[in-house]
Amino acid sequence: MSLDKLFTPCALGALTLPNRIVMAPMTRSRAGQPGDVPTAMNATYYAQRASAGLIVTEATQVMDKAQGYAWTPGIFTAEQIAGWRLVTDAVHAAGGRIFLQIWHVGRISHPALLGGVVPMAPSAIAAEGATAFIVDEQGPRHVPTATPQALALTEIPTIIDGFAQAARNAVAVGFDGVEVHGANGYLLDQFLESGSNQRSDAYGGSVEKRARLLLEVVDAVSAAIGAERTGVRLSPLGRFNGMSDDDPLATFAYAATELDRRGLAYLHLNDQGSGEPAQKDAIWAEIRRRYRGTLILCGGYDADSAEAAIASGQADLIAFGRPYIANPDLVERYRRGAALNPTDEASIYGGAEHGYIDYPALAD
Ligand code: PHB
């Protein structure tokens, strides 16, 4: 099958993407220690993947106490901010474009990662089956997440400011934009979906109130760096991190309508493969109808299914996660119909160069 659509350029804000292949955000747990500081090795990893139409980085904590896994990078200390400059310079020198994914994990954390403080969330509801990744005297390990404490109304502006400042920091060190992480059961998703939000104040109850924090963060980030440099990721029907919603069609349709009005760079949907296929198709179609801007879809695509999704009008861009771990030149491999490198599962999270920057490109 030809891949004409996948290789058709696409405008994204002020950028022109040379193809419709996006490198999806992926945690690799390799920030420099101490301090969760991006390094020259991280810069090499992203620069190797610069032929993607757009790179979205791994999730990056926006502020102190926003972290849920050891060794994920931040963008709030001077050292972290300076470290990211290595990454943006390397990607741009290699001809690429890169957005920083900015997150707060909310309840998906543990006091061991937060200086002894209990994680914050919309409500004091533990995430069923979820784990945090900690390092303590017993070594690195996954542990069940802690039962969180509910954020006070007075604490919410600090969270919004944290996202806006992270976005300012990102653009100041050369990122082309940021992706607000509203997906996968982290803080903004915890507010959005009814299973994790039982608040009775202005941030819980109706869908309008549950979506309020997401939208206020998006507005603050857009005000800080421009809507055309602001993307948003959501994961309708996702069950990861103990998520659920009483009426996902209504919740995500409302979010899509509100995001549509904001003139953002894009909306990015992550399909975790959970939920009934018919329900998923209905929600995806409704979002596509309501959100008229650039839509990125992610989750289990290969080159042919990506081409088909673009050709049929379901998506404008397709994000690839796992294939990018082992194939820095994924664009060229798809273009040539070449085989993909196998992924070494053991080196996905943590470690050093092996399994990170030593996967061969075709020309090697
Ligand atoms: C993870 O580290 O397991 C992780 C991080 C961010 C996501 C999803 C999973 O959005």
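Residues numbered from 1 in each chain as written. Predicted model: local features only at pLDDT ≥ 70, side-chain atom pairs only at ≥ 80, totals over all residues. Heavy atoms only, no water.

1. Description of the overall build of the chain
- The helix and strand inventory of the chain stands at 11 helices and 14 strands.
- The globule rule puts the C-alpha radius of gyration for 364 residues at 21 Å, and the 19 Å found for the chain is close to it.
- Seen along its three principal axes, the alpha-carbon backbone of the chain occupies a region of about 55 × 50 × 35 Å.
- Going through the 364 residues of the chain one by one, you find that 59% of them count as buried.
- Pairs at least 24 apart in sequence give 73% of the contacts found in the chain among residues at least 6 apart. (Helix = DSSP H or I, 4+ residues; strand = E, 2+ residues; numbered from the N terminus. Rg over C-alpha atoms; globule rule 2.2 N^0.38 Å. Buried < 20%, exposed > 50% of the residue type's maximum accessible area, 1.4 Å probe, protein only. Contact = heavy atoms within 4.5 Å.)

2. Quick look at the pairing of strand β14 (residues 317–320)
- Taking every second residue as pointing to the same face, both faces of β14 are buried, with Leu 317 and Ala 319 on one and Ile 318 and Phe 320 on the other.
- Sheet topology note: the strand β3 (residues 21–23)/β14 ladder contains three bridges and is parallel. Its bridge partner lying in β14, Met 23 is registered against Phe 320.
- Remark: the strand β13 (residues 295–298)/helix α9 (residues 303–311)/β14 crossover connection has right-handed handedness. (Pairing = 2+ DSSP bridges. Right-handed = clockwise from strand over helix to strand, strands pointing away.)

3. Structural notes on the state of the cysteines
- The full count for this structure, using the stated rule, is zero disulfides.
- With no disulfide of its own, Cys 10 lies 16 Å from the sulfur of Cys 298, the closest cysteine sulfur.
- According to the relative accessible area criterion, Cys 10 is buried, its value standing at 7%.
- On the basis of relative accessible area, Cys 298 is assigned to the buried category, the value being 7%. (Disulfide = S-S within 2.5 Å.)

4. Things to note about the site of the ligand
- For the ligand, the full set of nearby residues is Thr 27, Tyr 69, Trp 103, His 181, Asn 184, Tyr 186 and Phe 240.
- Take Thr 27: an N or O atom from its side chain is 3.2 Å from an oxygen atom of the ligand.
- The fraction of the free accessible surface of the ligand (280 Å²) that becomes covered by protein chains is 80%. (Near = heavy atom within 4 Å. Polar contact = N/O pair within 3.5 Å; in protein donor to acceptor, adjacent residues only side chain to side chain. Areas by Shrake-Rupley, 256 points an atom, 1.4 Å probe, with all protein chains shown as cover.)

5. Topic: the UniProt feature "domain: NADH:flavin oxidoreductase/NADH oxidase N-terminal" (unreviewed entry) in the chain
- The sites that UniProt annotates as "domain: NADH:flavin oxidoreductase/NADH oxidase N-terminal" (unreviewed entry) are residues 5–340.
- When the span residues 5–340 is considered, its composition is 34% helix and 18% strand, and the gap between its end C-alpha atoms is 21 Å. (UniProt positions renumbered as here; feature names shortened; annotations may be inferred.)

6. Section: helix α3 (residues 156–172)
- For α3, which comprises 17 residues, the first-to-last C-alpha distance of 25 Å matches the rise-based estimate of 24 Å (1.5 Å per residue) to within 8%.
- Here α3 has its buried residues at Ile 156, Ile 159, Ile 160, Gly 162, Phe 163, Ala 164, Ala 166, Ala 167, Asn 169 and Ala 170.
- On its buried side, α3 packs onto α2 (78–93), β5 (98–103), β10 (177–181), α4 (187–192) and α6 (212–225).
- Within two residues after α3, Gly 174 carries a phi angle of roughly 100°, on the positive side. (Expected span 1.5 Å × (residues − 1).)

7. Examining the pattern of salt bridges
- Scanning the model with the defined rule gives 18 salt bridges in all.
- Arg 262 serves as the salt-bridge partner of Glu 258, at 3.0 Å between the closest nitrogen and oxygen.
- Judged by relative accessible area, which is 11%, Glu 258 ranks as buried.
- Of the charged contacts in the structure, one is a salt bridge between Arg 322 and Glu 345, with a shortest N-O distance of 3.2 Å. With Arg 322 in helix α10 (residues 322–326) and Glu 345 in the segment after α11 (330–336), this residue pair connects regions lying 23 residues apart in the sequence.
- Looking at Arg 322, the relative accessible area reads 48%, which means it is partly exposed.
- When its relative accessible area of 49% is taken as the criterion, Glu 345 is described as partly exposed.
- Through salt bridges with shared partners, a single ionic network connects Asp 219, Glu 258, Arg 261 and Arg 262. (Salt bridge = Lys/Arg side-chain N within 4 Å of Asp/Glu carboxyl O.)

8. Description of the packing of aromatic side chains
- Taken as a whole and judged by the stated rule, the model has 10 aromatic pairs.
- Ring geometry for Trp 103 against Tyr 186: centres 4.8 Å apart, planes inclined by 65°, an arrangement best described as edge-to-face. Taken as a pair, Trp 103 in strand β5 and Tyr 186 in the loop between β10 and α4 lie far apart in primary sequence, 83 residues in all.
- Taking 6.4 Å as the distance between ring centres and 80° as the angle between the ring planes, the aromatic pair formed by Phe 191 and Tyr 203 counts as edge-to-face. Here Phe 191 is found in helix α4, whereas its partner Tyr 203 is found in the loop between α4 and α5 (207–210), with 12 residues between them in sequence. Note on accessibility: Phe 191 and Tyr 203 belong to one class, buried.
- An aromatic cluster is defined as three or more aromatic residues linked by ring pairs; in this entry it consists of Tyr 45, Tyr 46 and Tyr 356.
- Positioned above the aromatic ring of Tyr 203 is the side chain of Arg 212, whose terminal nitrogen or guanidinium carbon lies 4.5 Å from the ring centre.
- The ring centre of Trp 284 lies 5.1 Å from the NZ or CZ of Lys 280, which sits over that ring. (Phe/Tyr/Trp six-rings, centres within 6.5 Å; stacked < 30°, edge-to-face > 60°. Lys NZ or Arg CZ within 6 Å of the ring centre and 35° of its normal.)

9. Quick notes on the environment of Leu 6
- Tracing the chain through its elements places Leu 6 in the segment before β1 (10–12).
- Counting along the chain gives 12 residues from Leu 6 to Pro 18, while the straight-line C-alpha distance between them is 9.6 Å.

10. Comments concerning helix α1 (residues 40–48)
- Listed in full, the buried residues belonging to α1 are Met 41, Asn 42, Ala 43, Tyr 45, Tyr 46 and Ala 47.
- For α1, the N-terminal cap is Thr 39; the gap from its side-chain oxygen to the backbone nitrogen of Met 41 is 3.2 Å.

11. Observations regarding the packing of α3 against α6
- At a closest axis distance of 8 Å, the pairing of α3 and α6 adopts a crossing angle of 35°. Every pair of crossing elements has a handedness; the one defined by α3 and α6 is right-handed. Together, Ile 156, Ile 160, Phe 163, Ala 164, Ala 167, Arg 168 and Val 171 of α3 and Leu 213, Glu 216, Val 217, Ala 220, Val 221, Ala 224 and Ile 225 of α6 make up the contact between the two elements.
- A breakdown of the residues in the contact of α3 with α6 according to their chemical character gives 12 nonpolar, no polar and two charged. (Axes fitted to C-alpha atoms, helices over the stretch in contact; angles between N-to-C directions. Left-handed = near helix turned anticlockwise from the far one by under 90°. Nonpolar A, V, L, I, M, F, W, Y, C, P; charged D, E, K, R; others polar.)

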